[in-house]
Amino acid sequence: MAQSSSKARPAFLPAGAVDGLKRRAVETIGVAVVVVAATLFAAVATYAPSDPSFDVVTDGPVRNLVGLPGAFAADLLVQIFGLAGVLPALLLGAWGVRMLRGKAPTLLWLRSLTFLVSLFAAAVWLTALPVPEGWPLRAGLGGVGGMLIVGFVDAGLFAPLDLDVDGPLVLAAFSAALWLATFAFSLGLDRRDWRAV
């Protein structure tokens, strides 16, 4: 009977050291994610329609705090999602803070896909809100994405059924509930995280 010649090699580092290194790696990635989240938040918060972007060519100064990349990113997010364009920064911020506490986000792909649903749901319910004076987009607070979805669902569902309801308002209420549920799941926070908030 042949014996196996391979012996279990001793670990290079003790188990405690490996766990500590993994935790520090997660925390380091968390710092980077928080920096990206803060940068994205600053870009969206300082959105200026007159900044250079995909649909604006100008020689004027860039007013966005993050410069030209921030102007382009903010234009894309605000044009498509309106006020909901700030949600990616909030999501990344929550994930980064969770990593700083030594906990990597779980179910990352599922949470990312759920976040896309959350983003569009937020754009839809924001479309129902009255547009304040000075809002730079004709599409409303939900951006072009929210406006298109509301128009499509209203024309394709509520109008043919000839229901005696305010279709966009019903859709906004449903979307607000959907946004709340999907965004809460996307954040990936556990009970202790929510208590810390």
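Computed from a prediction, not measured in an experiment: that's the story for all the values here.

Peer 1: Explain the side chain of serine 186 to me, and be specific about the residues and the numbers.
Peer 2: If you trace the backbone, serine 186 turns up in helix H6 (residues 167–187). For serine 186, the side chain forms a polar contact with the main-chain nitrogen of phenylalanine 115, separated by 3.1 Å. When sequence neighbours within four positions are dropped, the list of residues in contact with serine 186 reads Leu91, Trp95, Arg111, Thr114 and Phe115.

Peer 1: Help me get a handle on the side chain of lysine 103, residues and values and all.
Peer 2: Relative to the assigned elements, lysine 103 resides in the loop between helix H3 (87–100) and helix H4 (108–127). For lysine 103, a relative accessible area of 18% translates into the label buried. Dropping the residues within four chain positions of it, lysine 103 is found in contact with Val26, Arg98, Asp190 and Asp193.

Peer 1: Please provide a residue-by-residue account of the packing of aromatic side chains, values included.
Peer 2: Evaluated as defined, the whole model comprises five aromatic pairs. Their ring planes at 50° and their centres at 5.7 Å tell us that tryptophan 125 and tryptophan 179 sit as a pair that is tilted. In this pair, tryptophan 125 is assigned in helix H4 and tryptophan 179 in helix H6, connecting sequence segments 54 residues apart. Chaining the aromatic ring pairs together yields one cluster made of Phe115, Trp125, Trp179 and Phe183. Lying across the ring of phenylalanine 185, arginine 111 places its NZ or CZ 4.5 Å from the centre.

Peer 1: For H6, give the residues involved together with the corresponding values.
Peer 2: Relative to the 30 Å expected for 21 residues at 1.5 Å per residue, H6 spans 30 Å between its end C-alpha atoms, a close match to the ideal helical length. Looking at H6, one finds that the buried residues are Gly167, Leu171, Ala172, Ser175, Trp179, Thr182, Phe183, Ser186 and Leu187. Down the axis of H6, the sector holding all buried residues measures 115°, keeping them to one side. Along H6, the residues that are exposed and aim more than 90 degrees away from the buried face are Leu169, Ala173, Phe174 and Leu180. Directly beyond the C-terminal end of H6, a positive phi value near 70° is found at glycine 188.

The rules behind these values
- Residues numbered from 1 in each chain as written.
- Predicted model: local features only at pLDDT ≥ 70, side-chain atom pairs only at ≥ 80, totals over all residues.
- Heavy atoms only, no water.
- Helix = DSSP H or I, 4+ residues; strand = E, 2+ residues; numbered from the N terminus.
- Polar contact = N/O pair within 3.5 Å; in protein donor to acceptor, adjacent residues only side chain to side chain.
- Contact = heavy atoms within 4.5 Å.
- Buried < 20%, exposed > 50% of the residue type's maximum accessible area, 1.4 Å probe, protein only.
- Phe/Tyr/Trp six-rings, centres within 6.5 Å; stacked < 30°, edge-to-face > 60°.
- Lys NZ or Arg CZ within 6 Å of the ring centre and 35° of its normal.
- Expected span 1.5 Å × (residues − 1).
- Arc of directions from axis to C-beta.

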